[in-house]
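# Observations on chain architecture
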Amino acid sequence: YGQSVCEDDIKAFTLQDVIELLPKRLVSDFGDADLIIQPNRDATVYVISYEPKNDIIAWFYDKNILDAAYQMLIWVIENGYLKTK
């Protein structure tokens, strides 16, 4: 890799980085909820959700899958499912 030309380098998160931070399963009052990432029925947006059997705990959607995943990451942190330093 070449030397950076920016004085203020900033770490950028990739989609993979965000997904790896998300818990693969949440334990909640509704039961265990698995992380699901998929396009909606007509493939116009991506949906990121935690779904126990026959229910949805949280879901976010966006045309940009990274934005949907980032919104879910914020929700996970705000609701205490992921501890931050």
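Refer to the preceding data block for the structure.
Here is what the cut-offs are and how they apply
- Residues numbered from 1 in each chain as written.
- Predicted model: local features only at pLDDT ≥ 70, side-chain atom pairs only at ≥ 80, totals over all residues.
- Heavy atoms only, no water.
- Helix = DSSP H or I, 4+ residues; strand = E, 2+ residues; numbered from the N terminus.
- Core = buried A, V, L, I, M, F, W, Y, C linked by side-chain atoms within 4.5 Å.
- Buried < 20%, exposed > 50% of the residue type's maximum accessible area, 1.4 Å probe, protein only.
- Contact = heavy atoms within 4.5 Å.
- Pairing = 2+ DSSP bridges.

This next bit is on the overall build of the protein. Scanning the protein from N- to C-terminus turns up 2 helices and 4 strands. Listing the helices and strands of the protein from first to last along the sequence gives α-β-β-β-β-α.

Of all hydrophobic cores here, the largest spans 15 residues; its most connected members are L22, I48, Y50, I57, M72, W75 and V76. Here this core takes 6 residues from helix α2 (residues 65-78), the largest share from any one element. In this structure, L22 is in contact with L35, I48, Y50, A69, M72, L73 and V76, ignoring residues within four places of it in sequence.

The next point concerns the side chain of S28. When you line up the elements, S28 lands in strand β1 (residues 25-28). A relative accessible area of 17% means that S28 is categorised as buried. Excluding its chain neighbours within four sequence positions, the residues that come into contact with S28 are I57 and Y81.

The next thing to look at is the pairing of strand β3 (residues 46-51). Relative to β3, strand β2 (residues 31-39) is paired through 6 bridges, and the arrangement is antiparallel. Looking at the pairing, P39 lines up with Y46 of β3. Note: β3 against strand β4 (residues 58-62), 5 bridges, orientation antiparallel. What sits directly across from V47, in β4, is Y61. Following β3, the chain reverses through 6 residues before pairing antiparallel with β4; N54 in that reversal takes a positive phi of roughly 60°.

These figures come from the coordinates and say nothing about function on their own.
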